[in-house]
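The lines below spell out each chain.
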Amino acid sequence: MDEYKHILVAVDLTEESRPVSAKACVLQKAYSASLSCVHVIEPLSLAYGGDIPMDLSTIQEQIQETAKAHLTEFASRLGIPADNQHLIFGRPETEIDTLANQISADLIVVGSHGRSGLALLMGSTANAVLHGANCDVLAVRVKETQPSSSSAQRS
């Protein structure tokens, strides 16, 4: 196996990002590689198809400011320098691959919910990254959080 020199970990800044970034850190240390992280914000106009008759720019700016703060905090815990922290607007599946090419990453680490069948056909960022990438992709299986049955029984 070739040695990895630059690893890009894609994070959504939820709890599910922890096992994904932990796996990336293990590989980064094993290969003495550079580590970068990316969080992609999907513009509200893409998410809602422009069907909302109002100006979303203020909301989008607030989302960006919050995401930037969370990304900075998240990346600092991993020891990722500011130059290797990337906050991008667009579709995650294309922006992750584009950034990987720009920074010459030779491994992309993403989270995957392990969906199959119809859920996979409806869209999976990890699957789209895998098929669009020019480098290796590691999809780290993450568990979907489900409501606790014990809390539902107490009500």
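The structure this text deals with has already been given above.
None of these values were measured; they are calculated from a predicted model.

Rules and cut-offs
Residues numbered from 1 in each chain as written. Predicted model: local features only at pLDDT ≥ 70, side-chain atom pairs only at ≥ 80, totals over all residues. Heavy atoms only, no water. Core = buried A, V, L, I, M, F, W, Y, C linked by side-chain atoms within 4.5 Å. Buried < 20%, exposed > 50% of the residue type's maximum accessible area, 1.4 Å probe, protein only. Helix = DSSP H or I, 4+ residues; strand = E, 2+ residues; numbered from the N terminus. Contact = heavy atoms within 4.5 Å. Axes fitted to C-alpha atoms, helices over the stretch in contact; angles between N-to-C directions. Parallel < 35°, antiparallel > 145°, perpendicular 65-115°, else oblique. Left-handed = near helix turned anticlockwise from the far one by under 90°. Nonpolar A, V, L, I, M, F, W, Y, C, P; charged D, E, K, R; others polar. Salt bridge = Lys/Arg side-chain N within 4 Å of Asp/Glu carboxyl O. Pairing = 2+ DSSP bridges.

Chemist: What exactly am I supposed to notice about the nonpolar core here?
Modeler: Within soluble globular proteins, side chains that are nonpolar tend to cluster in buried spots. Among the nonpolar cores identified, the biggest contains 19 residues, and Ile7, Val9, Val20, Ala24, Leu35, Cys37 and Val109 are the most heavily contacted of them. Elements with a minimum of two residues in this core: β1 (6–10), α1 (17–31), β2 (34–41), α3 (57–77) and β4 (107–112). Top element by residues in this core is α1. It accounts for 4 residues. Beyond its immediate stretch of four places on either side in the chain, valine 109 contacts Ile7, Leu8, Val9, Ala10, Val20, Ala24, Leu138 and Val140. In terms of nonpolar packing, the next biggest core, distinct from the first, is built from 16 residues, Val38, Ile88, Ala105 and Ala133 among them.

Chemist: Honestly, unusual backbone geometry in this entry has me stumped. Any pointers?
Modeler: Keep in mind that most residues, glycine aside, have a negative phi and that most peptide bonds are trans. For leucine 13, which is not glycine, the phi dihedral falls at a positive 65 degrees. Examined against the element boundaries, leucine 13 turns out to sit in the loop between β1 and α1. Leucine 13 gets classed as partly exposed once you look at its relative accessible area, which sits at 23%. Phi at serine 32 is positive, roughly 50 degrees, even though this residue is not glycine. If you trace the backbone, serine 32 turns up in the loop between α1 and β2.

Chemist: It is not clear to me how the packing of helix α4 (residues 92–102) against helix α6 (residues 125–132) should be interpreted in this structure. Could you clarify?
Modeler: Axes are the key here: two packed helices are described by the angle between their axes and the distance separating the axes. Between α4 and α6, the shortest axis-to-axis distance is 8 Å and the interhelical angle comes to 40 degrees. The angle between α4 and α6 falls in the class oblique. Crossing handedness for the pair α4 and α6: right-handed. Facing Pro92, Glu93, Ile96 and Asp97 of α4, the residues of α6 in contact are Thr125, Ala128, Val129 and Gly132. Considered class by class, the residues forming the contact of α4 with α6 number 4 nonpolar, 2 polar and 2 charged.

Chemist: Please clarify how the pattern of salt bridges should be interpreted in this entry.
Modeler: Note on pairing: side chains with opposite charge can pair once their charged atoms come close. Counted under the stated rule, the structure contains 3 salt bridges. Arginine 91 is the partner of glutamate 42 in a salt bridge, and the nearest nitrogen-oxygen pair spans 2.9 Å. One end of the pair, glutamate 42, is in the loop between β2 and α2 (44–47); the other, arginine 91, is in the loop between β3 (85–89) and α4, and 49 residues separate them in sequence. Under the relative-accessibility criterion, glutamate 42 is labelled partly exposed at 32%. For arginine 77, the salt bridge identified is with glutamate 73, shortest N-O distance 3.5 Å. Taken as a pair, arginine 77 and glutamate 73 lie in helix α3 at a separation of 4 residues, close to a single helical turn. The exposure class assigned to glutamate 73 is partly exposed, which follows from its relative accessible area of 44%.

Chemist: Help me out: how do you make sense of the sheet that holds β3 in this one?
Modeler: Sheet strands line up and pair through hydrogen bonds in the backbone, either parallel or antiparallel. Strand order in the open sheet made by the 5 strands is β3-β2-β1-β4-β5, with parallel pairing throughout. Looking at strand neighbours, the two that pair on one side only are β3 and β5 (136–141), the edges of this open sheet. Within this sheet the neighbouring strands show an average axis-to-axis angle of 25 degrees, counted without direction. Relative to β4, β1 runs parallel, the two being bridged by 3 bridges. Directly across from valine 9, in β4, lies its bridge partner valine 109. Its contacts with the sheet put α3 on β2 and β3, and the angle it makes with β3 is roughly 160 degrees. Sheet contacts for α6: β4 and β5; angle to β4, the most-contacted strand, approximately 155 degrees.

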